[in-house]
Amino acid sequence: LNADIIMCLDQCLAYPADKHEAEAALERTTSWAQRSKIAWQTQTNNGSRLFGIIQGGMFKDLRRRSLEALVEIGFPGYAVGGLSVGEPKNLMREMSAWTIPRLPDHLPRYIMGVGTPEDIVELVGMGADMFDCVIPTRNARNGQLFTHAGTINICNSRFKYDTNPVEIGCACYTCAHYSRAYLRHLYQARELLAYRLNTLHNLHYYLDLVKQIRAAIQGDRYDAFKKDFYDKRESG
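Source: prediction; values computed, not measured.

Caption draft 1: Structural context of empty space enclosed by the protein. In this structure the tally under the stated criterion is one cavity of 30 Å³ or more. Taken as a whole, the largest cavity spans an internal volume of roughly 50 Å³. Contributing to the lining of the largest cavity are His148, Gln212, Phe225, Asp228, Phe229, Lys232 and Arg233. Tallied by class, the residues present in the lining of the largest cavity amount to two nonpolar, two polar and three charged.

Caption draft 2: Broad picture of the sheet that holds strand E2 (residues 49-54). Pairing in this open sheet of five strands is parallel, and the strands run E1-E2-E3-E4-E5 from one edge to the other. Across the chains shown, the open sheet's two edge strands, defined by having one partner strand only, are strand E1 (5-7) and strand E5 (130-132). Between one strand axis and the next, the sheet turns through 30° on average, direction left out of account. Pairing analysis gives four bridges linking E2 to strand E3 (residues 77-80), with the strands arranged parallel.

Caption draft 3: Seen up close, the environment of Glu27. Looking at the element boundaries, Glu27 is found in helix H1 (residues 19-42). Given the relative accessible area of 40%, Glu27 is considered partly exposed. Between the C-alpha atoms of Glu27 and Gly56, which are 29 residues apart in sequence, the distance is 9.1 Å. A polar side-chain atom of Glu27 sits 2.2 Å from a polar atom in the side chain of Arg65.

Caption draft 4: Broad picture of the nonpolar core. By size, the foremost hydrophobic cluster in this structure holds 22 residues, and its most contacted members are Leu70, Phe75, Tyr78, Leu83, Leu103, Ile111 and Leu123. Those elements giving two or more residues to this core turn out to be H1, E2, helix H2 (60-73), E3 and helix H3 (89-99). For this core, the element with the most residues is H3, which contributes three residues. Residues contacting Leu103, with those up to four places away along its chain left out, are Ile54, Leu67, Tyr78, Val80 and Arg109.

Caption draft 5: Up close: the layout of surface pockets. As a volume, the largest pocket reaches approximately 430 Å³. Contributing to the lining of the largest pocket are 20 residues, with Ile120, Asp129, Met130, Phe131 and Val210 lying nearest its centre. Taken together, the elements giving at least two residues each to the lining of the largest pocket come down to helix H4 (117-126), E5 and helix H8 (192-218). For the lining of the largest pocket, the element with the most residues is H8, which contributes eight residues. Broken down by class, the residue content of the lining of the largest pocket amounts to 15 nonpolar, two polar and three charged.

Conventions and cut-offs
Residues numbered from 1 in each chain as written. Predicted model: local features only at pLDDT ≥ 70, side-chain atom pairs only at ≥ 80, totals over all residues. Heavy atoms only, no water. 1 Å grid on protein atoms, 1.4 Å probe; cavity = no way out; pocket = protein on both sides within 12 Å on 5 of 7 lines; lining within 4 Å. Points joined across faces, edges and corners; volume = space filled by probe spheres on them. Nonpolar A, V, L, I, M, F, W, Y, C, P; charged D, E, K, R; others polar. Pairing = 2+ DSSP bridges. Helix = DSSP H or I, 4+ residues; strand = E, 2+ residues; numbered from the N terminus. Axes fitted to C-alpha atoms, helices over the stretch in contact; angles between N-to-C directions. Buried < 20%, exposed > 50% of the residue type's maximum accessible area, 1.4 Å probe, protein only. Polar contact = N/O pair within 3.5 Å; in protein donor to acceptor, adjacent residues only side chain to side chain. Core = buried A, V, L, I, M, F, W, Y, C linked by side-chain atoms within 4.5 Å. Contact = heavy atoms within 4.5 Å.

Shown next as structure tokens:
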């Protein structure tokens, strides 16, 4: 496929999983990582980067074992897997906060399956570099749109005659051409265009959020950015 980043195969458990299950998945994931590394090295990889995936469930000692084993194998980047699989939000963030600082800080640190805008802001503050999640597109199909003041559900009756864009000042195609009222009409009519336009807006929002995060880090003002991020939500 000539992908820039490719992942080792891993066994990701649903929550809850007992320690025996988590340990077995860890050992299987480590074995697959060793085999993946050999295969990657012996084949033409066209400049791709193979990432190992840390497992271990919600057990810090198992995550340490997984992390140390993968670092010993050696990869160009590391992913934290097995999170956002049904566990409480505070537990997901606790496991992330414990794991991320223990990864090599000179290599990309990727949190799999996360997340909401709030998750991204919190985890970047912990040292995470990369994310993937279905939320922008899945929530768009469910009529949920992201704004800097929080989320809105476009199906709500209060948007029936609202001629404003999803977010005033947003530069996305959807906000430039369509009102909340029209987007609500499309969604209520189950018109496929609704899902496309909602998705365009949500993806633009996420890209803009990450752009702001990058600028805040480069300007050494991440704490101020984070405070402003939450202030806008509270005032919105």
